[in-house]
Structure formats: structure tokens, C-alpha cells
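If you want the building blocks of each chain, they are given just below.
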Amino acid sequence: MRGYAHVYPRDHINTDEIIPARYLNTDDREELARHALEDLDPGFVGKVKWGDFIVAGENFGCGSSREHAVWAIQGVGVGAVLAESFARIFFRNAINTGFPAIECKGISRKVEDGDELEVDLEAGVVRNLSKGEEYKFSPFPDFALEIMKAGGLLEYLRGREG
Amino acid sequence: MTITEKILAAHSDRDEVGPGELVEARVDLVMCHDVTTPPAVSMLEERGMDRVFDPEKIVVTPDHFVPNKDIRSAELARRLREWTRKHGIRHYYEVGRHGICHALLPEEGFVRPGMVVVGADSHTCTYGALGAFSTGIGSTDLAAVLYSGRLWFRVPESMRVVLEGELPKGVYSKDVILEVIRRIGVDGARYMAMEFTGSIVGKLSVEARLTLTNMAVEAGAKSGIIAPDEKTLEYVRERSDEPFHIYTSDPDADYASTVEVDVSSLEPMVAFPHLPSKGRPISEVGHIHIDQVVIGSCTNGRLEDLRIAAEVLRGKKVAPHLRAIVIPATSRVWLQAMREGLLEVFVGAGCAVSTPTCGPCLGGHMGVLAEGERCVSTTNRNFVGRMGHPKSEVYLTSPATAAASAVAGRIADPREFLC
């Protein structure tokens, strides 16, 4: 995966900022995507390109269990979120949807807005092509990788039932 | 083992489990509401997996945007309703008999000690107050559990929260949990089970305990849990004839950390915008003018909460410039509040009293804030834009502090209003 970084170094970016509840009267993913990060950065949807990355601080996605948060940022084309850490329900939702939520210590201080990044999920490496740096992240547990490879939890479940 | 480890082991046919292990556990009860369930149902339908593992173990109530606030929310509620009919799900609570899910399920006797409960709502951790393992999940997890009756869990580390001392006048379980979150932060218990213990827990009513476990997720926790005692058993037996199993933590159980709070020195707490961890004792709050007060929610909309609010508001008037909105959490709470004369106290004081809804807590309806407005609320989150405009502000308090603030028109100390 290759794309540009949108850096929000703050901690505790919550689901109300990722997709405000005023839009939860629908589960239409295209509609949700139009409001991704609206209360954090109203300009985000206008500037994000397909395959770009969100880079953030600790506890990204805290708050509500709304999977709409994952759908909104996935729907607007974000390839992965790279954060210092994730809130647990967001992380589960991401894995279950087959969306990479990558925990990478120090990343919010090393990457600058607009840096071009390449993410290698198998190798557990983020390459900063703009700066010529590499950052390692802990690879996903096997179980999570299997779900993500299957394309999500339901596909995994169905595949297992064979 | 801890109570949490024992419950998860028993539900995954293991003798023992430890923190970090992945288990696939049988789920005893699934909670569904109007925002997160319709997408889960669509996922199953789209994949030809449209079945439910056991309609008796599923409880459904529309609560977030009901009575429907607009056409789209009405469509969500319709999809939910039609799905329950299609699958013969009996435990469906239609508007008028409905309630905020986390108040409704314990009240109706669905939650019992030793169960594994999941719900597609982050505050599903509430049910742990009855000695169950209970956690919030997203829509895909919900789809998986509706289909299979099982779900994968990483066994959480446990944090012991020891509450000792005597609760001073005007200080309630809401103030205690705001203090705990102030100390450990909104990710202080990330991925953990928060196990509340200590002499104070025994003294609290079951309703007050539900407020403690409700906000475990605001510290990042996977679950909150309280070992059952006589009060728990009395509460459950009044509501259910079903058998249950009591688990308690071993004396030598391993805890990742321990937080001790002597509640004797606590004051009423106010969590400032925009995090639940930004709590301050009321004496350090200063003069903060407010526009709205909300008393209700899964955190503080039960009967005991309304009684406390009414004690403050009886014979008083809310400040002329201010809107006070009182929302009994369930239809049953509403009816009992009416019988006890609480609703008359509220309306007499100048409050709006609503049918049960999550509405204003998440900026849905029934009390959305305009730009620059400030609200004192007994709810659980005060993130940016939580109750409306991104430039509005939410201050989290107990029902007593919220009621006192409604009268004063500013954030006020409830101890001045209590006999």
C-alpha cells in the first residue's frame, strides 16, 4: 500500500469526531464517507486521495462502538490508520472489516503531514519514502491476519464452516 | 483466576484461561438497538447468512433515535422491527414499552451473574454490575454472534478498583467513577476488565453500581465487573426465575494494576470538555454559565437517579434562561416516576420530561446544542460535538449536581440544595 500521510498527532481522537452521531441515521457507506473526520478536520474529505493514510496519536477511535467510524474512513479511500495505539472496539471493528489499523510506536512524531508512505503488512514495516526512513510495527496476531486475509470476520466464519 | 477469567473459561470449555489468550466463547445474551443492528442484519442478508442462533437469547429495543427523529431513522427502526418479526425474536420492546438498552435489560431480568453478554453498543459494559462478563462490539461482531452464538475474545488483564471510606453528602457513584477516570485517564484501563471492589461497592445499590460499570469504557476498558453479593441476588431474583452461576475472583488472582480511592474526601465532580477524564471537584469549578441540563441516559436515568434529582428540584424552579430535560431511562422507570410524583416535581420546576431515548446524549435529537452552548449532563461522554455543534460544550455530573445547576443556571454544588 502506498499513499500520503494525513497527520493528526493528537491522542484520543474519538468516534464522535470520526463520524458524528448526527449522521448515524443511515448506514449508507458512501454517505458516511462524505462526513469522515468532519468534526476533527472539516477539510479532510476534500483533500484525501484514494490509498492515503491517517496518522494519529494514542487511543485512536475511542468512544462509541459504531463501526460506521471504520466504514466512513474506509469509504473515503483511506488505506490504513497508523496510530500509537487504538481503542479496543475500533481495533476489533477494523480487523473484522478487513481494514488495517496499525499500531506503530513513535509514528505520530516521525511522520509529517504530506509524507509519502509505503506500508508492508506482511513485513510489519512502514517506509517513509519522503524521508527515507523505516518504522517497524508489531505484526498482527495470526488470528487477526487470517480474518483480514479472508476479507473480514463473516467471510472467515463462512470459510471455516466450508 | 479473576471473576472475568473464570466466566470466559467456563464459556469456552477451558479449565483455565489467562490474560492475552484468545478464546471463542459461547454468548448467553445479545443486545440489539436501532443504530448498529440494521447494518449487521444487512451484512448477514447480503451473504446469504440470514439466520439467528437462538431468538430467545436476543433482546431488541430501539432507543437511540426513537420515537423516530426523521425519515432515515424511521427506516432503520423499520428494518430492526421487520427483522425481529422474521426471526420470531420475542424480546422486542416497541416504542412505548421501550427503554434505553442498558437500563432495560437489567431491569427486565435478562442479565444474570456469570453470563457472557455482548451488545452492539460501547456501554454494554454496564451489565457487569450484576457479575456478568459484558462488553460492547461493532456491527460485524454482532452479525457473527447473531449467526453463530459465539465470539472471539482476547482474555483481558484485570484492573482492581478498590473503593473504600464513606460517601459524603452530595457525592454519588457518578462522582466516584469520574474521579477514577480522572486518575487513570480515558485509556487508563485500555483492553482491561475493571473489577470494582471495596466496602463502598457493597454499600451502593445495584442501580448505583450500574453507573460505575457503565463508564468503564470511558477509561478504555473492555468490561466493568462487580462480584455478586446479596443485593445483586435480590435484584436478580426479583426479576428472573432463570438459573445462574456465581463466580468470584480467587484471593490470589493476578491483577495488572490496582487503583485505590478513599471516597471520604471526594466532592461532587464535574468532567470538563472534552474528555470524561477532565474531572474537577466542584469547589474548583468557578462560575460557569450554562444553557441546558440533561438528566437521563444509560448512565444516570434510573429511578434512583430521578429520585435524587427530584429531591433537589422539589419546590424549586429552573433558571429562566435555561432548558432542563429529564429523560426516564425506561418506560417502567417513567411509570414509577409518575406514580411517585417525581414527574410532577420536574414539570412543576419547569423541566421538559421526555419518553425514554438516548437522543441528546449523542447529539441525536431531544436536546441538541447550538454553537457556543453549554450543557450540564448526567450522560457519559463530553467529546467535541457530542451533543450537537462542534463548538458546544458538555460538562458531566451526577443527577444531583445537574439538578442543582438547572436551578442555579450555572454549574452549582448540590450540597447547598440537599437537606
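Bear in mind the structure is a predicted one, so any value in this text is a computation, not a measurement.

Novice: Please give an account of the interface of chain A and chain B that cites residues and values.
Specialist: If you look at the interface, chain A gives 43 residues, while chain B gives 53 residues. A salt bridge links B:R79 to A:D27, with the nearest nitrogen and oxygen atoms 2.7 Å apart. Across the chain A-chain B interface, the total number found is 19 residue pairs in polar contact (both at pLDDT 80 or more). Secondary-structure elements contributing two or more residues to the side of chain A that touches chain B are helix 1 (15-18), helix 2 (29-33), helix 4 (68-75), helix 5 (88-97), helix 7 (142-150) and helix 8 (153-161) of chain A. Within the side of chain A that touches chain B, the residues separate by chemical class into 13 nonpolar, 13 polar and 17 charged.

Novice: Provide a residue-level description of empty space enclosed by the protein, including the pertinent values.
Specialist: Residues and elements named next belong to chain B. Applying the stated criterion to the full structure yields two cavities of 30 Å³ or more. Counted as a void, the largest cavity has a volume near 220 Å³. Lining the largest cavity are 21 residues, and of these H64, D121, H123, L362 and R386 sit closest to its centre. Counting only elements with at least two residues in the lining of the largest cavity, the list comes to helix 4 (101-107) and helix 10 (297-300).

Novice: Describe the pairing of strand 2 (residues 29-32) of chain B, and please don't skip the residues or the numbers.
Specialist: All names here are of chain B. Residues L29 and M31 line one face of strand 2 and the alternating positions V30 and C32 line the opposite face, and both faces are buried. The sheet contact formed by strand 2 and strand 4 (residues 116-119) spans three bridges and is parallel. Following the sheet pairing, V30 is matched in strand 4 by V118. Where strand 2 lies against strand 3 (residues 58-60), three bridges are found, and the strand directions are parallel. Looking across to strand 3, one finds that C32 is bridged to V60. For the crossover that starts at strand 2, traverses helix 2 (residues 37-46) and ends in the parallel strand 3, the hand is right-handed.

Novice: Let's hear about a nonpolar patch on the surface: which residues, and what values?
Specialist: Residue and element names in this part refer to chain B. Residues W334, L335 and M338 make up a contiguous nonpolar surface patch of about 250 Å² in total accessible area. Tracing the backbone through its elements, the reader meets W334 in helix 12 (residues 331-339). Exposure remark for W334: the relative accessible area of 30% places this residue in the partly exposed category.

Novice: Please set out the pattern of salt bridges residue by residue, giving values where relevant.
Specialist: Residues and elements named next belong to chain B. Tallied over the entire structure, the rule returns 44 salt bridges over all chains. One salt bridge in this structure joins E56 and R90, with 2.5 Å as the shortest N-O distance. Highlighted residues: E56 in the loop between helix 2 and strand 3 and R90 in the loop between helix 3 (71-86) and helix 4, separated in sequence by 34 residues. Looking at R90, the relative accessible area reads 58%, which means it is exposed.

Novice: Talk me through the domain arrangement of chain B; I want residue IDs and the actual numbers.
Specialist: Residue and element names in this part refer to chain B. You can read the domains of chain B as domain 1 (3-13 + 22-261) and domain 2 (268-416). In this structure, domain 1 and domain 2 have C-alpha centres spaced 24 Å apart. Each side of the interface is counted separately: domain 1 has 39 residues, and domain 2 has 40 residues. When the two sides are added together, the surface that domain 1 and domain 2 hide from each other amounts to roughly 3,300 Å², 60% of it contributed by carbon and sulfur. Counting every contact that joins domain 1 to domain 2 gives 25 residue pairs in polar contact (both at pLDDT 80 or more).

Novice: If you had to explain the environment of B:A208 to someone new, which residues and values would you point to?
Specialist: Residues and elements named next belong to chain B. Looking at where A208 falls in the secondary structure, it is placed in helix 8 (residues 206-214). In this structure the C-alpha to C-alpha distance between A208 and Y172, which are 36 residues apart in sequence, comes to 7.7 Å. Discounting chain neighbours no more than four positions away, the residues touching A208 are S173 and E304.

Novice: An account of the side chain of B:S398 is needed here, citing residue identities and associated values.
Specialist: All names here are of chain B. By the element assignment, S398 lies in the loop between strand 17 (393-396) and helix 14 (399-408). Judged by relative accessible area, which is 0%, S398 ranks as buried. In this structure the side chain of S398 is engaged in a polar contact, spanning 3.1 Å, whose partner is the backbone nitrogen of T401.

Novice: Quick one: what's the story with the sheet that holds strand 6 (residues 125-128) of chain A, residue by residue and with numbers?
Specialist: In sheet architecture, strand pairing relies on hydrogen bonds along the backbone and comes in two forms, parallel and antiparallel. Residue and element names in this part refer to chain A. The seven strands lie next to each other as 4-3-2-1-5-6-7, forming an open sheet whose pairing is mixed. If you trace the sheet from one side to the other, it starts and ends with strand 4 (101-103) and strand 7 (133-136), each paired once. Averaged over all neighbouring strand pairs, the angle between strand axes comes to 30°, with direction disregarded. With four bridges joining them, strand 1 (residues 2-8) and strand 2 (residues 53-56) adopt parallel strand pairing. Within strand 2, the residue paired with Y8 across the bridge is A56.

Novice: Any chance you could break down the environment of B:L396 for me, citing the residues and the numbers?
Specialist: Residues and elements named next belong to chain B. Within the element layout of this structure, L396 appears in strand 17. On the basis of relative accessibility, which here comes to 0%, the residue L396 falls in the buried class. Along the primary structure L396 and H289 are separated by 107 residues, whereas in three dimensions their C-alpha atoms are 14 Å apart. Not counting residues up to four positions away in its chain, the partners in contact with L396 are L178, M215, M269, V270, A271, P276, S377, T379, N380, R381 and N382.

Novice: Got a sec to walk through helix 6 (residues 173-184) of chain B? Specific residues and values, please.
Specialist: A turn of α-helix holds 3.6 residues, and therefore any two residues three or four places apart point the same way. All names here are of chain B. Given a rise of 1.5 Å per residue, twelve residues ought to cover 16 Å, and the 17 Å separating the end C-alpha atoms of helix 6 matches this to within 8%. Of all twelve residues in helix 6, ten are buried, a share of seventy percent or more. Where helix 6 is concerned, the buried positions are S173, K174, D175, V176, I177, L178, E179, V180, I181 and I184. One or two residues past the end of helix 6 sits G185, with phi positive at roughly 90°.

Novice: Before we move on, can you summarise the packing of helix 4 of chain A against helix 5 of chain A with the specific residues and values?
Specialist: All names here are of chain A. Packing of helix 4 against helix 5 brings their axes to within 9 Å, and their N-to-C directions diverge by 55°. Classified by the interaxial angle, the pair formed by helix 4 and helix 5 is oblique. Here the hand of the crossing between helix 4 and helix 5 comes out right-handed. Of the residues in helix 5, those in contact with A69, V70, W71, I73 and Q74 of helix 4 are F90, N93, A94 and T97. Looking at side-chain class alone, the contact of helix 4 with helix 5 contains six nonpolar, three polar and no charged residues.

Reading the values: the criteria
Residues numbered from 1 in each chain as written. Chains lettered and ligands numbered in written order. Predicted model: local features only at pLDDT ≥ 70, side-chain atom pairs only at ≥ 80, totals over all residues. Heavy atoms only, no water. Contact = heavy atoms within 4.5 Å. Salt bridge = Lys/Arg side-chain N within 4 Å of Asp/Glu carboxyl O. Polar contact = N/O pair within 3.5 Å; in protein donor to acceptor, adjacent residues only side chain to side chain. Helix = DSSP H or I, 4+ residues; strand = E, 2+ residues; numbered from the N terminus. Nonpolar A, V, L, I, M, F, W, Y, C, P; charged D, E, K, R; others polar. 1 Å grid on protein atoms, 1.4 Å probe; cavity = no way out; pocket = protein on both sides within 12 Å on 5 of 7 lines; lining within 4 Å. Points joined across faces, edges and corners; volume = space filled by probe spheres on them. Buried < 20%, exposed > 50% of the residue type's maximum accessible area, 1.4 Å probe, protein only. Pairing = 2+ DSSP bridges. Right-handed = clockwise from strand over helix to strand, strands pointing away. Patch = residues over 30% accessible without salt bridge, like charges linked within 9 Å, V, L, I, M, F, W, Y side chains within 5 Å. Areas by Shrake-Rupley, 256 points an atom, 1.4 Å probe, with all protein chains shown as cover. Domains from an automatic or database assignment. Buried area = accessible area lost by both parts, 1.4 Å probe. Axes fitted to C-alpha atoms, helices over the stretch in contact; angles between N-to-C directions. Expected span 1.5 Å × (residues − 1). Parallel < 35°, antiparallel > 145°, perpendicular 65-115°, else oblique. Left-handed = near helix turned anticlockwise from the far one by under 90°.

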